[in-house]
Amino acid sequence: MSASQPAKKVSAPGLAPQHLNPKPDIEIADAAKKRPILEIAREKLGIAAENLEPYGHYKAKVSLDYIKTLKDRPNGKLILVSAITPTPAGEGKTTTTVGLTDALNRIGKKAMLCIREPSLGPCFGVKGGAAGGG
């Protein structure tokens, strides 16, 4: 293609616009609006603020006393994402875990995730973490 010819418009029926012109991961992360963990716990799980020990605005531990009150309820399901071969784009356990949780919520399941130590890599715009990117 010469400099005088206009670029061809990409057309892919069925693809969402964000797939035709994808944004870098850091732009997506920067655009995300965080919600306070106390709000999420109340709305999604019915856990009152007094049953949580907040660590800042976006993470918290659930009190053991509250967990003991749930002993007569049926157990939930646990999905453990423990190992995966990353894609060439670097998508691995963290991306899979977040995507799976979003998908389960989208189909009406009450799903939450806990990431012990995410890689904090380029997808989240932070250097360091378990992947040795620091």
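Our subject is the structure that appears above.
Computed from a predicted structure; not experimentally measured. (Residues numbered from 1 in each chain as written. Predicted model: local features only at pLDDT ≥ 70, side-chain atom pairs only at ≥ 80, totals over all residues. Heavy atoms only, no water.)

Peer 1: An account of the overall build of the chain is needed here, citing residue identities and associated values.
Peer 2: When helices and strands are tallied, the chain shows 5 helices and 2 strands. Of the regular secondary structure in the chain, the N- to C-terminal order runs α-α-α-β-β-α-α. Out of the 134 residues belonging to the chain, those deemed buried represent 11%. Within the chain, residue pairs in contact and separated by at least 24 positions form 21% of the contacts whose partners lie at least 6 positions apart. (Helix = DSSP H or I, 4+ residues; strand = E, 2+ residues; numbered from the N terminus. Buried < 20%, exposed > 50% of the residue type's maximum accessible area, 1.4 Å probe, protein only. Contact = heavy atoms within 4.5 Å.)

Peer 1: Describe in detail the pattern of salt bridges, supporting the description with residues and values.
Peer 2: Here the structure, examined in full by the defined rule, presents 2 salt bridges. Arg35 is the salt-bridge partner of Glu39, the closest N and O atoms lying 2.8 Å from each other. For Glu39, a relative accessible area of 25% puts it in the partly exposed group. Overall, the relative accessible area of 32% leaves Arg35 in the partly exposed class. Salt-bridge contacts for Glu43 lead to Arg35; the nearest nitrogen and oxygen are separated by 2.5 Å. Where salt bridges share partners, they join Arg35, Glu39 and Glu43 into one cluster. (Salt bridge = Lys/Arg side-chain N within 4 Å of Asp/Glu carboxyl O.)

Peer 1: Please set out the packing of aromatic side chains residue by residue, giving values where relevant.
Peer 2: For the structure on display, the rule yields 0 aromatic pairs. One Lys or Arg, Lys34, reaches over the ring of Tyr58 and ends 4.8 Å from the middle of that ring. (Phe/Tyr/Trp six-rings, centres within 6.5 Å; stacked < 30°, edge-to-face > 60°. Lys NZ or Arg CZ within 6 Å of the ring centre and 35° of its normal.)

Peer 1: Run through the environment of Lys77, naming residues and quoting values.
Peer 2: By secondary structure assignment, the location of Lys77 is in the loop between helix H4 (64–68) and helix H5 (93–106). A sequence separation of 34 residues divides Lys77 from Ala111, and the C-alpha atoms of the two residues are 9.3 Å apart.

Peer 1: Pulling in residues and values, what's your account of H5?
Peer 2: Here H5 is 14 residues long and its end C-alpha atoms lie 20 Å apart, about the 20 Å a rise of 1.5 Å per residue gives. Of all the positions in H5, only Thr94, Thr97 and Thr101 are classed as buried. Summarising the axial view, the buried residues of H5 lie within an arc of 65°, below the 170-degree limit, and thus occupy one face. When the buried face of H5 is taken as reference, the exposed residues oriented beyond 90 degrees from it are Asp102 and Arg106. (Expected span 1.5 Å × (residues − 1). Arc of directions from axis to C-beta.)

Peer 1: An account of helix H3 (residues 37–45) is requested, with residue identities and associated values reported.
Peer 2: Every buried residue belonging to H3 is among Ile37, Ile40 and Ala41, and all of these are buried. Axial view of H3: buried residues confined to an arc of 100°, hence all on one face. Among the exposed residues of H3, those pointing more than 90 degrees away from its buried face are Arg42 and Glu43. Packing partners of the buried residues in H3 comprise strand E1 (52–54) and strand E2 (60–62). Gly46 sits one or two positions beyond H3 and adopts a positive phi of about 70°.

Peer 1: Go over a nonpolar patch on the surface, please, and point to the residues and values.
Peer 2: Together, Val62, Leu64 and Ile67 make up a nonpolar patch on the protein surface, roughly 270 Å² of accessible area in all. In this structure Leu64 comes out as exposed when scored by relative accessible area, which is 60%. (Patch = residues over 30% accessible without salt bridge, like charges linked within 9 Å, V, L, I, M, F, W, Y side chains within 5 Å. Areas by Shrake-Rupley, 256 points an atom, 1.4 Å probe, with all protein chains shown as cover.)

Peer 1: Could you give me a rundown of the environment of Glu50, with the residues and numbers involved?
Peer 2: Relative to the elements of secondary structure, Glu50 occurs in the loop between H3 and E1. The class of Glu50 is exposed, set by a relative accessible area of 68%. The spatial distance from the C-alpha of Glu50 to the C-alpha of Tyr66 is 9.3 Å, given a sequence separation of 16 residues.

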